[in-house]
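What the coordinates show
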Amino acid sequence: MPTFDPIRSFRKLAYNNALASHRLLQACAALKPGEFEAPRTSFFPSIKETLNHIITVDWFYVDGLEGGTLGYQAFEIDEPFDDISSLAQAQAKVDQRLVALCEALTPEKLVSTVRLHRGDRIQEERMDDVFAHLFQHQTHHRGQVHAMLSSTSVAPPQLDEFIVADDARFRGEELAGLGWNEETLMR
């Protein structure tokens, strides 16, 4: 009988996050001129604004999880990227940082305290709670971009097939392109 690994779910969520970002940003790269920044109905009023929000929040939390002190400097520029290509490159980098963090996790680290620099105060949270919060945030806003793509010339990509082994048939080429394999994802 396999032993329980409390880190496995976090690793899988980090890889899932990176693949979902990759798929979504590839779809956005195919948008017609003007569709990326066009006004839409959502929490943030465009695909561009939503994707920029995702990355700045990622910078904030990933830095905090790494033990950094970037804090609110992550939000100094509301929309650091005007084009999808630059945004996709930066998102891939922060997604890889998140994967590396989860690959290096131990049960002890999961219950350690993360210090998030919030300007006039330091927020202290358990690391596992910060990971859960970040993955929820990313899923929430990617879902909004997914819905906004429905009113563009680009079909929204599949984002919810990843965690289970049976979905391997849908991701082979993408995994190879990202330098991953099924063994990495299923351990």
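Reference entry: report on the structure contained in this document.

What counts and how
- Residues numbered from 1 in each chain as written.
- Predicted model: local features only at pLDDT ≥ 70, side-chain atom pairs only at ≥ 80, totals over all residues.
- Heavy atoms only, no water.
- Salt bridge = Lys/Arg side-chain N within 4 Å of Asp/Glu carboxyl O.
- Buried < 20%, exposed > 50% of the residue type's maximum accessible area, 1.4 Å probe, protein only.
- Helix = DSSP H or I, 4+ residues; strand = E, 2+ residues; numbered from the N terminus.
- Pairing = 2+ DSSP bridges.
- Axes fitted to C-alpha atoms, helices over the stretch in contact; angles between N-to-C directions.
- Parallel < 35°, antiparallel > 145°, perpendicular 65-115°, else oblique.
- Left-handed = near helix turned anticlockwise from the far one by under 90°.
- Contact = heavy atoms within 4.5 Å.
- Nonpolar A, V, L, I, M, F, W, Y, C, P; charged D, E, K, R; others polar.

Moving on, we come to the pattern of salt bridges. This model, assessed by the stated rule, comprises 9 salt bridges. Salt-bridge contacts for arginine 115 lead to glutamate 124; the nearest nitrogen and oxygen are separated by 3.3 Å. Of the charged contacts in the structure, one is a salt bridge between arginine 126 and aspartate 128, with a shortest N-O distance of 2.6 Å. Since its relative accessible area comes to 38%, arginine 126 is described here as partly exposed. By relative accessible area, which is 16% here, aspartate 128 ends up buried.

Of the two faces of strand β1 (residues 113–117), the one holding Val114 and Leu116 is buried and the one holding Thr113, Arg115 and His117 is not buried anywhere. In the sheet, β1 pairs with strand β2 (residues 122–126) via 5 bridges, with the strands oriented antiparallel. The residue bridging valine 114 from the neighbouring strand is glutamate 125, located in β2. What sits between the antiparallel neighbours β1 and β2 is a turn of 4 residues, in which glycine 119 has the positive phi angle 75 degrees.

Another aspect to go through is the packing of helix α1 (residues 8–29) against helix α5 (residues 127–149). One can describe the packing of α1 onto α5 by two numbers: an axis separation of 11 Å at closest approach and a directional angle of 25 degrees. As judged from the angle between their axes, α1 and α5 are roughly parallel. α1 and α5 meet at a crossing whose hand is left-handed. For the pair formed by α1 and α5, the contact residues are Phe10, Leu13, Ala14, Asn17, Ala20, Ser21, Leu24, Ala27 and Cys28 on the first element and Asp128, Phe131, Phe135, Gln138, Arg142, Val145, His146 and Leu149 on the second. Split by residue class, the contact of α1 with α5 holds 11 nonpolar, 4 polar and 2 charged.

Our focus in this paragraph is the packing of helix α2 (residues 47–65) against helix α3 (residues 84–103). As a packed pair, α2 and α3 sit with axes 10 Å apart at the nearest point and diverge in direction by 30 degrees. With respect to α3, the element α2 is oriented roughly parallel. The element α2 and its partner α3 pack so that their crossing is left-handed. Contacts between α2 and α3 involve Leu51, Asn52, Ile54, Ile55, Asp58, Trp59, Val62, Asp63 and Leu65 from the former and Ile84, Leu87, Ala90, Gln91, Val94, Asp95, Arg97, Leu98 and Leu101 from the latter. Counted by class, the contact of α2 with α3 contains 12 nonpolar, 2 polar and 4 charged residues.

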